[in-house]
There are 2 protein chains.
Amino acid sequence: MKIVIVGGVAGGMSAATRMRRLDESAEIVVFERGHYVSFANCGLPYYVGGVITDRAELLLQTPESLRARFRLDVRIDHEVTGIDRAGQTVSVRNTLTGEESIEGYDRLILAAGATTRSEPLDFGLATHTLRTVDDVDHIDAVLAAVDGSPSAVVIGGGFIGLEAVDNLVHRGVHVTLVQRGPQILTPLDPEMAAPVVADLRAHGVDVRLGTHVVGSDAPVDSAGTAATGLLLSDGSLVPADLVIDATGVRPDTSLAAAAGLRIGDSGGIWVDETQATSDPRIFAVGDGALKTDAVGGAGALVTMAGLANRHGRAAADTIAGRPDAAEPAVGTGIVGVFDLTVAMVGWNEQRLVAAGRAHRIVHTHPSSHAGYFPGAEQMAIKLLIDADTDAILGAQIVGGSGVDKRIDVIATAMAAGLGASALSRLELAYAPQYGSAKDAINQLGYVADNLLHGTTRSVQWHELSAELAAGASLVDVRTPAEFAAGHLPDARNLNLDELRARHAELPAGPLIVHCQVGQRGHTAARLLSQLGHDVRNLDGGYRTWLAGQAADAAVVAAAAEVLAEGIPV
Amino acid sequence: MKIVIVGGVAGGMSAATRMRRLDESAEIVVFERGHYVSFANCGLPYYVGGVITDRAELLLQTPESLRARFRLDVRIDHEVTGIDRAGQTVSVRNTLTGEESIEGYDRLILAAGATTRSEPLDFGLATHTLRTVDDVDHIDAVLAAVDGSPSAVVIGGGFIGLEAVDNLVHRGVHVTLVQRGPQILTPLDPEMAAPVVADLRAHGVDVRLGTHVVGSDAPVDSAGTAATGLLLSDGSLVPADLVIDATGVRPDTSLAAAAGLRIGDSGGIWVDETQATSDPRIFAVGDGALKTDAVGGAGALVTMAGLANRHGRAAADTIAGRPDAAEPAVGTGIVGVFDLTVAMVGWNEQRLVAAGRAHRIVHTHPSSHAGYFPGAEQMAIKLLIDADTDAILGAQIVGGSGVDKRIDVIATAMAAGLGASALSRLELAYAPQYGSAKDAINQLGYVADNLLHGTTRSVQWHELSAELAAGASLVDVRTPAEFAAGHLPDARNLNLDELRARHAELPAGPLIVHCQVGQRGHTAARLLSQLGHDVRNLDGGYRTWLAGQAADAAVVAAAAEVLAEGIPV
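All of these numbers come straight from a predicted model, not from anything done at the bench. (Residues numbered from 1 in each chain as written. Chains lettered and ligands numbered in written order. Predicted model: local features only at pLDDT ≥ 70, side-chain atom pairs only at ≥ 80, totals over all residues. Heavy atoms only, no water.)

Peer 1: Any details on the nonpolar core? Residues and values, ideally.
Peer 2: Ranked by internal contacts, the top residues of the largest apolar core, which has 49 residues, are Val-154, Leu-162, Leu-168, Leu-177, Ile-184 and Leu-200 of chain B. When residues in this core are grouped by element, the largest group, 5 residues, is from helix α7 (residues 190-202) of chain B. In contact with Val-154 of chain B, not counting residues within four places along its chain, are Gly-161, Ala-164, Val-165, Leu-168, Val-175, Thr-176, Leu-177, Val-178, Ile-244 and Ala-246 of chain B. Formed by 48 residues, the second largest nonpolar core is a distinct cluster that contains Ala-193, Val-335, Leu-340 and Val-342 of chain A. (Core = buried A, V, L, I, M, F, W, Y, C linked by side-chain atoms within 4.5 Å. Buried < 20%, exposed > 50% of the residue type's maximum accessible area, 1.4 Å probe, protein only. Helix = DSSP H or I, 4+ residues; strand = E, 2+ residues; numbered from the N terminus. Contact = heavy atoms within 4.5 Å.)

So, in C-alpha cells, the structure goes:
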C-alpha cells in the first residue's frame, strides 16, 4: 500500500504518523510545498511579537526526524501540481530546481489547507500574510529595517488579525487595524465584540471600522525621511512600514477541482464522514475539506487546527480499514488579545436570525471565581439556545482568566447533546480560587431553565427601544448610588430591597426591570410578577445594554464614514 | 404555606431564596445555630492564611439583608432540638438566652450539614476545627498570642487539612501534617498522591504518614519558655501552639434519626430524587443527605458545596410543585496546595478494585498548553474507564495551571455519558497559550480508543515487578542521555529512533517498553508489535513508575513505623 499525502502540517502530518503506527509496511510519501513541515503555525504571531523567542520551538519536526522515527518519505519544497485519478498518480514540481516528476499512489490524502482569501491587493506597498515560517521571516526583516519606531497596518480583525495586532504592539509597533465591516471578530455578536474594540483602543491601537484601504502614498515627513502610508476609505492616511493582510482564508481546492473531485457550495472539498472525497481512493482533511456543522448540517467550512489533526488521524484509520466516523463540528475557537480572552462555539445570534432558527438568548456577567477570593475577574457570556429543543446552539465569552475553561465545558456539553438547562446540574470543580459553588456555567443553566419554564421572561438590549416606544416602563432596581453613577435614559430607579413595599408606585402597564447584570432584575421580575405586574427582565442588565450601545455607535459611526465616501459597506 | 429550614449556609439558603422567588406568599423561617448565615465556608482557610484579608468578604448575607430582599425570617443563634412529625412542629432553643420555643411547619427542610467525624480528642491541648467563622476567630487568637514564630499540627491530609497547611505556611507558621493512613488525599490513588507529599515537604511541611497523635506534652525549652507539643505514634514530639482537627466530617443526622426518619447504611439521611425524606413533608439537602452516586448508585455520601446549593434549590422547586429530579452525583473536587492543583471526579482505582469493577487505566503527562509557548506546565492525569462499556468512571489530575479546566471537561463528559474514547473527538478551544491542537483531553481519548480497540496493550506501574519476574524484558526507548539521567532497574536502553533497525537485538519473549510519559512507548509498541514481538507499553512511562515507587516507599516506611509501635494502620 502506497499512501501519498499533499501537505505536511497539521492534518497531513497527523495522517502520516497515525498511518505508520497502524501499518509498518505502508509506503508513505508526504509532499510539502513550503520549506518546513509540522511547524507550529498557531505560534507564528507570537514569534513576531517576541513572546516565543526561540525559532527552533516553532519547528516541531524535520524530514530527518520523521524519517528516523516514522519512516516517512517527506519531501519539502515539492508542490503537487496535478492529479491523474485514472492513472492514480500525482505530478510534482520541485520548487527549488523546477524539476517535474510523477508519483503513483494507492491512496491519496489532500491536506493542503487554505490560501488567503483576497486577491493580492495592489497598494504600491507589499502586503504580508502570517501563515508560514517564511512569512514571519519577511515581517521580521521589514520591521528590523525601520529606523526608530515602526508602524503597521493590519487589514482584517479576525483571529489572526487580532493576534498580529497584539504581538506587534508587544514589539513596540504602532498599529492601525482596518476592518471593512462595522465589527471585528464576526463570529461574535456586536454587543460581545464592542468591548474588544474598546480594549484595543485602550492599548493604543488605532481601530478603523467600516473602512478599507483604497491606495497608498509615500509622503516625505518633516524630517525629510521617506515614509510610507496607506490611504483609507475615510480619506485618512495611516503610516504603514508594514502591511499585514489578515482578511481571511479560503479552502485551497485548486488541485481537487482540476481533478474533477466534488466541491461543495461553500467552496470546500466534499468529503463523507470517513473523510473520503467523491473518489474513494482520495481523502481530504483540514481547512480545505468540508465539515458537517453541529448546528447547520453538512457542507460547512470550519477552519480549526484541532479538527485538521483529528480528521487527518481519522483518514488514516479509514485507509487502515477501521473507519472512524467524524462527529459534527461545533467550531470552538479562542483568541487572546492583550488582557482579554475571547472564545466562541457554535452559531451566533445574527446567524440564527438570518437562518430563521427560533432561539432563546441568555447574557450573564459572572466572576471567574468566587468573588470573596482575590483576583476574580468578571466575564461576559452569551448563550444561544434552541427555542424548541433547549439544545445549545452557541456561546460567546469575553473576559480574563477562566474564559477558556467555560467555553470548553460548553463545547463539551454541546457535543454531548446536553440541553442548556442541564448546565445547571453540572458538577464543576469548586474551591474559591477556581470557581464558584454556583459556577458561571451553572448560572447559565439556571437562567436557561427559568426561560424554558416561563419562570422568567426577558427582553434583549436591541429590543428595548421598541418596547419602550410601545408603552412599556423601565425600572432600574439597582441602588440609588449605582443609578446616579450612570443609568439608562427613561429609567426610573426603585431599589430592589424597597420594591416589595413600594411597588404600587410603579406605573400600570408592562414593566421592564433591570439591574447591573441581570440577577437582581430576575429577583425583581419574580416579585413583581407575583404581585400582579406584567414584567420582563432586561437580559444581561445595564452592562449588556451599554455594550450594545457601543456596538450601535460603532455601526452608526462606521456607516456615516462609509456613506460620506459614497462606498457601500 | 409555611416552610421551616434548619441550617442557613449553602443548601438551606439556596432553598430559602429560591422558595421566595417561586412563592411570594410563603412564610419562610430559617434557623441557624451559629451566629452567621450564608457565609463563605470554603473561604475560611484563606482568611486564616491572610489571603482573604477583609472579614466582611466572608459574610455574604446577614439576616437583615435577607429580610429586606427576600422577606426571610432568619433566626441566628437558634438551634432546632427536635421534630414532632405528627404535630408538624420543631422545638427550638435560643443558644444565647436558653429560651425554648415551638415552631409549626407545613414543609421542613433539613440542611444542617455535617459535623466533625471524630470524637473530641483529649490531648491535653485544645483542638480546632475549621468549619465556621467562630473557628477562624479562635485560630486567629491562638496564633496572635504566640511570641515569635508559631507552630501548628494539622491532623488529617484531606481537602480542608491541606488548605489549612497551605494557609498556615503562608502565614509563617511551622506545620506538621499528621496522617493516620499511609497516604494523604484518599480520593486519589497512591501514585497520584505521592507527588503532593513531595511538594508539601519541599515547602517545609513536616509530613508524617502512617502516624497518629497519642498524647501531649508541655516541655520547657532552653530559653525557659513554656512550649506545647504533641506526642506522635512514632515516638516523636512535635511543636503545636495550634492543633487543627481536619480528620473529616460525618453527616449530622441527629435530628432526623431522633424523629424516626430513614437513615441510610452509609450514615446520611435517606432522600428520594426530589430530596424528600421518608416523611413527604420533610426534605433534606447538603452534606447530611444521601446522594445517588454516578458510579456506585444510591446511598452515597458526597459532601460538596455545589451539590448542596443545587439540591437546596431543587427542594424548593419540589415544594413549589415543580419537582426537578436530581442527577446522579459524579463528585467533582479540587484543592490548591502551594503551586499544585489537585482535582478528581468519580471513583479511583482502589475503590474500583475493592468493588470488583472491571476497568481500564490511562496515565498521561500532558502540557497545560502548547509546549512551544512560554509557561507550559506538565500535569499528571489518570483516567479510569469501564472495561465493558468504555464509560468514564473517574479521573485524577495533579499539576499547575489548566488542571481545573481539564477536570471540569471530564466531569461534564462523564455526566453527559460520553465514553472515554469520545474524549478524542471533543473540540476544545485552542490557541497556544490555552491548550494544544491535540489537547490533554483529546490525548486521553486517543489512548482510551487504542486500548478499547486493542491497538495498544499496557502494563500498570504496580504490575511491572510481577511481569518481569514472570519473564518479560523491559526496554527503555528513550534517548541514551535520558537513560543515563535515571532509569528503571533491569531496563535495557534502545532509542525509539533506532528500534526499527535494531529490534532483532531484543530478547525473545514478552517485551515491556517504556519512555518518559508513555507516548514514545506507544509508538515503540506499535512498531514492535507489527514486527512480530509480544509487546506492551508501561502506562504513564517512567514518571508514573517513579511516582508509584515514591508512594510505595511511603507505604513501606509508614507501615514500618506503625509496626514498630505495635499499632495497626
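Peer 1: Run through the relation of the copies chain B and chain A, naming residues and quoting values.
Peer 2: Laying chain B over chain A is done by rotating through 180° and shifting 0.0 Å along the axis; what remains is an RMSD of 0.0 Å. In short, the pair behaves as if placed about a two-fold rotation axis. Comparing interface residues between copies, 100% of those in chain B also sit at the interface in chain A, which points to an isologous, same-surface contact. (Least-squares fit on C-alpha atoms with pLDDT ≥ 70 in both.)

Peer 1: So what about the sheet that holds strand β5 (residues 89-94) of chain B? Which residues, and what values?
Peer 2: Residues and elements named next belong to chain B. Spatially, 3 strands are ordered β4-β5-β6 in an open sheet, and the strand pairing comes out antiparallel. Looking at which strands have only one partner, the edges of the open sheet turn out to be β4 (78-84) and β6 (100-104). Ignoring strand direction, the axes of neighbouring strands in this sheet form an average angle of 30°. Bridging between β5 and β6 involves 5 bridges; their strand directions are antiparallel. Across the sheet, Val-90 pairs through a bridge with Glu-103, a residue of β6. (Pairing = 2+ DSSP bridges. Axes fitted to C-alpha atoms, helices over the stretch in contact; angles between N-to-C directions.)

Peer 1: Quick one: what's the story with the environment of Ala-325 of chain B, residue by residue and with numbers?
Peer 2: Within the secondary structure layout, Ala-325 of chain B lies in the loop between α9 (305-319) and β20 (333-337). Taking the relative accessible area as the measure of exposure, Ala-325 of chain B reaches 34% and is therefore partly exposed. Separated by 81 residues in sequence, Ala-325 of chain B and Ile-244 of chain B place their C-alpha atoms 38 Å apart. Once you skip the residues sitting within four places of it in the chain, Ala-325 of chain B turns out to touch Arg-425 of chain A together with Glu-273 of chain B.

Peer 1: Report on the packing of aromatic side chains, specifying residues and quantitative values.
Peer 2: Residue and element names in this part refer to chain A. Applying the stated criterion to the full structure yields 4 aromatic pairs over all chains. Plain terms: the ring middles of Tyr-542 and Trp-545 are 6.3 Å apart, the flat faces sit at 15° to each other, and that makes the pair stacked. Of the two residues, Tyr-542 and Trp-545 are both situated in helix α16 (residues 541-565); the distance of 3 residues between them amounts to about one turn of the helix. For Tyr-542, a relative accessible area of 10% corresponds to the buried category. (Phe/Tyr/Trp six-rings, centres within 6.5 Å; stacked < 30°, edge-to-face > 60°.)

Peer 1: Break down the pattern of salt bridges for me, with residues and values.
Peer 2: Under the definition given, this model contains 67 salt bridges over all chains. In this structure, Asp-497 of chain B and Arg-69 of chain A form a salt bridge, with 2.8 Å as the shortest nitrogen-oxygen distance. With Asp-497 of chain B in helix α15 (residues 496-502) and Arg-69 of chain A in helix α3 (residues 63-70), this residue pair bridges two chains. Here Arg-75 of chain B and Asp-73 of chain B are joined by a salt bridge, their closest N and O atoms 2.8 Å apart. Overlapping salt bridges bring together Lys-2, Arg-67, Asp-73, Arg-75 and Glu-103 of chain A as one network. (Salt bridge = Lys/Arg side-chain N within 4 Å of Asp/Glu carboxyl O.)

Peer 1: Explain the domain arrangement of chain A to me, using residue names and the numbers behind them.
Peer 2: Residue and element names in this part refer to chain A. What the domain assignment lists for chain A is domain 1 (2-115 + 250-319), domain 2 (127-247), domain 3 (339-452) and domain 4 (461-537). One C-alpha centre belongs to domain 3, the other to domain 4, and the line joining them spans 25 Å. With 5 residues of domain 3 at the interface, the matching set in domain 4 holds 4 residues. A buried area of about 370 Å², summed over both sides, lies between domain 3 and domain 4, and 42% of it is on carbon and sulfur atoms. At the boundary of domain 3 and domain 4, one finds 0 salt bridges. In this structure, the connection of domain 3 to domain 4 is made through 2 residue pairs in polar contact (both at pLDDT 80 or more). (Domains from an automatic or database assignment. Buried area = accessible area lost by both parts, 1.4 Å probe. Polar contact = N/O pair within 3.5 Å; in protein donor to acceptor, adjacent residues only side chain to side chain.)

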